[in-house]
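Report on the structure
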Amino acid sequence: MKKALTIAGSDSGGGAGIQADIKTFSAHGVFGMSVITAVTAQNTMEVRSVQAIDTAIITDQIAAIFEDIHVDAVKIGMLGSKEIVETVADSLTAFSPAIAILDPVMISKSGHHLLDERAVTALKAKLLPLATLVTPNVPEAEVLTGLSIRTEQDFYKACLSLTELGSNAVLLKGGHAEGNPNDLFYDGTNFHWIKGERIDTKNTHGTGCTLSSAITSNMANGLSLRESIEQAKLYISEAIRNSFSIGAGHGPVHHFHSFSKKERSESL
Ligand SMILES: Nc1ncnc2c1ncn2[C@@H]1O[C@H](COP(=O)(O)OP(=O)(O)OP(=O)(O)O)[C@@H](O)[C@H]1O
Ligand SMILES: Cc1ncc(CO)c(N)n1
């Protein structure tokens, strides 16, 4: 069985963060491990409070895993502060995982800031260069590049700018743009539109976390980057289509199993 690690924040409501990541890994037949960077008191409506985890135990969590267990792929989600960004970057530089998918989480669906402003410069300088793929939504890509992203042309420019900042490849998500949620994948050489159809629902809590974890799972399972993204897009679309109306705000998506019984028995 392949093994994936998520370095991210905990969402008590279970829809995003570490909880969404591990559900997604399991649904792909991948063994999930976690390094918790922050604890959020969160539900479908709000992030009530956030407690950052001490950097010393973040370093220890990462070392405890890498010094004992082979990690096929890493996903990085909420980091919260500049100190945590630097800690995670230092540890990943030391252990240099083969695959690192960076979801540059900044603001929750409910509008709460999950990354402080001082952290953005560190994230650009230290983590982007370690990323196999970075998966920003439009507002995140605007913060990272300083560009305003409205038109298709802007999508291309932002992807180029993010690779110039050091990321190996970019998936710029169109969920926040007008019209259909088409995402632009730039592999460093070619552009590919990963098309979707907008599903009319408010239950989109954790969509970004689920998409990046599905890509991480597919990469751990040996698919190419492009195939991993295409399969993950199908997965998140089905997950949103079958999402749950739990709570009064943005409900969670459905982490159904993405592999057949036969594939499952082969992977065990
Ligand atoms: N209503 C929708 N219908 C279909 N696909 C969607 C919808 N909203 C988002 N998506 C797709 O879901 C994926 C996740 O994108 P999104 O832009 O929502 O991430 P995000 O803003 O990072 O999410 P999060 O709230 O977890 O931070 C993308 O592939 C996007 O195109
Ligand atoms: C802990 C956590 N990570 C990521 C997100 C994505 O918005 C969230 N809401 N909460």
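Just so it is clear, the model here is predicted, and its values are computed rather than measured.

Description of the packing of aromatic side chains
Per the counting criterion, the structure on display carries six aromatic pairs. Ring centres 5.1 Å apart and planes at 15° place the aromatic pair Phe66 and Phe95 in the stacked group. Placement of Phe66 in helix H2 (residues 55–66) and of Phe95 in helix H3 (residues 82–95) is noted, with a sequence separation of 29 residues between them. Plain terms: the ring middles of Tyr186 and Phe191 are 4.3 Å apart, the flat faces sit at 20° to each other, and that makes the pair stacked.

What to know about the site of ligand 1
The environment of ligand 1 is formed by 18 residues, the closest being Lys109, Asn137, Lys173, His176 and Asp183. In this structure, Asp183 approaches ligand 1 through a side-chain N or O atom, which is 2.5 Å from an oxygen atom. The contact in question runs from an oxygen atom of ligand 1 to an N or O atom on the side chain of Thr207, over 2.9 Å. Here ligand 1, which alone exposes 630 Å², has 95% of that area covered by the protein.

Comments concerning helix H6 (residues 152–164)
Taking 1.5 Å of rise per residue, 13 residues should cover 18 Å, and H6 covers 19 Å from first to last C-alpha, within 8% of that figure. Taken as a whole, H6 has its buried residues at Asp154, Phe155, Ala158, Cys159, Ser161, Leu162 and Thr163. Looking at the buried side of H6, the elements it contacts are helix H5 (138–145), strand E7 (170–172), strand E8 (183–186) and strand E9 (191–194). Once H6 ends, the next one or two residues include Gly166, with phi positive near 125°.

Comments concerning the pairing of strand E3 (residues 47–52)
Judged from the five bridges that link them, strand E2 (residues 31–42) and E3 form a sheet pairing that is antiparallel. Each residue of the ladder has a partner; that of Thr40, found in E3, is Val50. In textbook terms, the turn of a hairpin is the stretch between consecutive antiparallel strands, and for E2 and E3 this stretch comprises four residues.

What about the packing of H3 against helix H4 (residues 118–127)?
Look at H3 against H4: their axes get within 8 Å of each other, and the N-to-C directions meet at 15°. Considering their axes alone, H3 and H4 lie roughly parallel with respect to each other. Between H3 and H4 lies a crossing of right-handed hand. The residues of H4 that touch H3, namely those facing Lys82, Glu83, Val85, Glu86, Val88, Ala89 and Leu92, are Arg118, Ala119, Ala122, Leu123, Lys126 and Leu127. Residues that form the contact of H3 with H4 fall into these classes: eight nonpolar, no polar and five charged.

What counts, and at which threshold
Residues numbered from 1 in each chain as written. Chains lettered and ligands numbered in written order. Predicted model: local features only at pLDDT ≥ 70, side-chain atom pairs only at ≥ 80, totals over all residues. Heavy atoms only, no water. Phe/Tyr/Trp six-rings, centres within 6.5 Å; stacked < 30°, edge-to-face > 60°. Helix = DSSP H or I, 4+ residues; strand = E, 2+ residues; numbered from the N terminus. Near = heavy atom within 4 Å. Polar contact = N/O pair within 3.5 Å; in protein donor to acceptor, adjacent residues only side chain to side chain. Areas by Shrake-Rupley, 256 points an atom, 1.4 Å probe, with all protein chains shown as cover. Expected span 1.5 Å × (residues − 1). Buried < 20%, exposed > 50% of the residue type's maximum accessible area, 1.4 Å probe, protein only. Contact = heavy atoms within 4.5 Å. Pairing = 2+ DSSP bridges. Axes fitted to C-alpha atoms, helices over the stretch in contact; angles between N-to-C directions. Parallel < 35°, antiparallel > 145°, perpendicular 65-115°, else oblique. Left-handed = near helix turned anticlockwise from the far one by under 90°. Nonpolar A, V, L, I, M, F, W, Y, C, P; charged D, E, K, R; others polar.

Geometric values such as these leave the question of function open.
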